[in-house]
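# Results of the structural survey
Here are the chains, one letter per residue:
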Amino acid sequence: MRRSAGVAVAAAVALTTGLLGSVAGAADGKVLFGFEKDAQGWGIPDWALEKPDMVGREIVVAKEGVTEGKQALALVVDFPGGKWNGALAEVEEYFDWTPYHALTVDVSLPAEAPAGLKAKLILTVGEEWTWTEMRRSIQLTPGQTTTITVSLAPGSEDWKRTVVDENFRKDVRKLAVRLESNKPAYQGKFYLDNVRLE
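What counts and how
Residues numbered from 1 in each chain as written. Predicted model: local features only at pLDDT ≥ 70, side-chain atom pairs only at ≥ 80, totals over all residues. Heavy atoms only, no water. Helix = DSSP H or I, 4+ residues; strand = E, 2+ residues; numbered from the N terminus. Buried < 20%, exposed > 50% of the residue type's maximum accessible area, 1.4 Å probe, protein only. Contact = heavy atoms within 4.5 Å. Areas by Shrake-Rupley, 256 points an atom, 1.4 Å probe, with all protein chains shown as cover. Salt bridge = Lys/Arg side-chain N within 4 Å of Asp/Glu carboxyl O. Phe/Tyr/Trp six-rings, centres within 6.5 Å; stacked < 30°, edge-to-face > 60°. Polar contact = N/O pair within 3.5 Å; in protein donor to acceptor, adjacent residues only side chain to side chain. pLDDT = per-residue confidence, 0-100.

### Description of the overall build of the protein chain
When helices and strands are counted, the protein chain shows 3 helices and 12 strands. Expressed as a percentage of the 198 residues in the protein chain, the buried residues total 51%. Considering only intrachain contacts with a sequence separation of at least 6, the fraction spanning at least 24 residues in the protein chain is 77%. Within the structure as shown, the protein chain displays about 9100 Å² of accessible surface, and the carbon and sulfur contribution to it stands at 50%.

If you want it as structure tokens, here you go:
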């Protein structure tokens, strides 16, 4: 699997790069999930299994799609094509990401996947369990890894309808990745690996 150099989040990466470049004394990076032994608590939520437009079928640990270590997380999907569908993998855990300024996830597609699939990171934050999506979905390239980076820093504009302040990254309840298809049909896997903070 080839890594797409610079194919990461166009608008969000530009913003994140600017923020990271100006942060002095930021914490060293930390890998949150590498999936070396198991799925580390990631799964498909019950509500997504019940909705007809959500087409994630199974989560497995795989030797393909690896960008760090020896294993990655695979989400088995069944996109029928011709309409919008999504597939969601998530982990529920209390996170305090205060020392960090960015969240990064490697998302890989097999070469046989069609063009036109996209991905988006989603956080659930705070005592109100507020669903918070990235401002836009990121185009994925078949046969390649796309590194998606979003800013967690106060003032970030990477998140839809959200004011990002210090409390935003202090109380994260869930982290999710959603694969999306507006038209392409696809039965197969997509891979997540090297979920990290910077």
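Text resumes after the structure shown.
### Comments concerning the side chain of Arg169
Along the chain, Arg169 turns up in helix α3 (residues 166-170). Of the residues examined, Arg169 reaches a relative accessible area of 4% and is grouped as buried. When sequence neighbours within four positions are dropped, the list of residues in contact with Arg169 reads Phe95, Asp96, Trp97, Thr98, Tyr100, His101, Leu152, Ala153 and Pro154.

### Description of the pattern of salt bridges
Enumeration over the complete set of coordinates arrives at 9 salt bridges. For Arg169, the salt bridge is made with Glu166, and the minimal N-O distance between the two is 2.8 Å. In this pair, Arg169 and Glu166 both sit in helix α3, 3 residues apart, roughly one turn of the helix. Exposure remark for Glu166: the relative accessible area of 42% places this residue in the partly exposed category. Residues Arg178 and Glu180 are paired through a salt bridge, measuring 2.8 Å at the closest nitrogen-oxygen approach. Owing to a relative accessible area of 10%, Arg178 belongs among the buried residues under this scheme.

### So, the environment of Glu92
Structurally, Glu92 is set in strand β5 (residues 85-95). Taking C-alpha positions, Glu92 is 4.4 Å from Lys174, a pair spaced 82 residues apart along the chain. The residues touching Glu92, leaving out its near neighbours within four places in the chain, are Trp129, Arg173 and Lys174.

### What to know about the packing of aromatic side chains
Taken as a whole and judged by the stated rule, the model has 8 aromatic pairs. Pairing Trp47 with Trp131 gives two aromatic rings, centres 6.0 Å apart and planes at 70°, and the pair type is edge-to-face. Taken as a pair, Trp47 in helix α2 (residues 46-50) and Trp131 in strand β8 (residues 130-133) lie far apart in primary sequence, 84 residues in all. A network of ring pairs unites the aromatic residues Phe33, Phe35, Trp42, Phe95 and Trp97 as a single cluster.

### Describing the environment of Asp106
Positionally, Asp106 belongs in strand β6 (residues 102-108). Take Asp106: its relative accessible area is 1%, and that puts it in the buried class. Each C-alpha atom, one on Asp106 and one on Thr147, is 4.4 Å from the other, the two residues being 41 residues apart in sequence. Polar contacts involving the side chain of Asp106 include one to the side chain of Arg196, which spans 3.4 Å.

### Looking at unusual backbone geometry
Its identity is not glycine, yet Gln40 carries a phi of approximately 55°, on the positive side. Inspection of the secondary structure puts Gln40 in the loop between β2 (30-33) and α2. On the basis of relative accessibility, which here comes to 31%, the residue Gln40 falls in the partly exposed class. The phi torsion at Asn194 lies on the positive side, around 55°, for a residue other than glycine. Relative to the helices and strands, Asn194 is located in strand β12 (residues 186-197). Using a relative accessible area of 11% as the deciding quantity, one classes Asn194 as buried.

### Quick look at the confidence of the model for the protein chain
The predicted structure's coordinates, where accompanied by low pLDDT, should not be read in detail. Summing up the model confidence of the protein chain, the mean pLDDT is 88 and the portion of residues at 70 or higher is 86%. Low pLDDT (under 50) marks residues 4-26, which in the prediction has 35 contacts with non-local residues, meaning those over four places away or in another chain.

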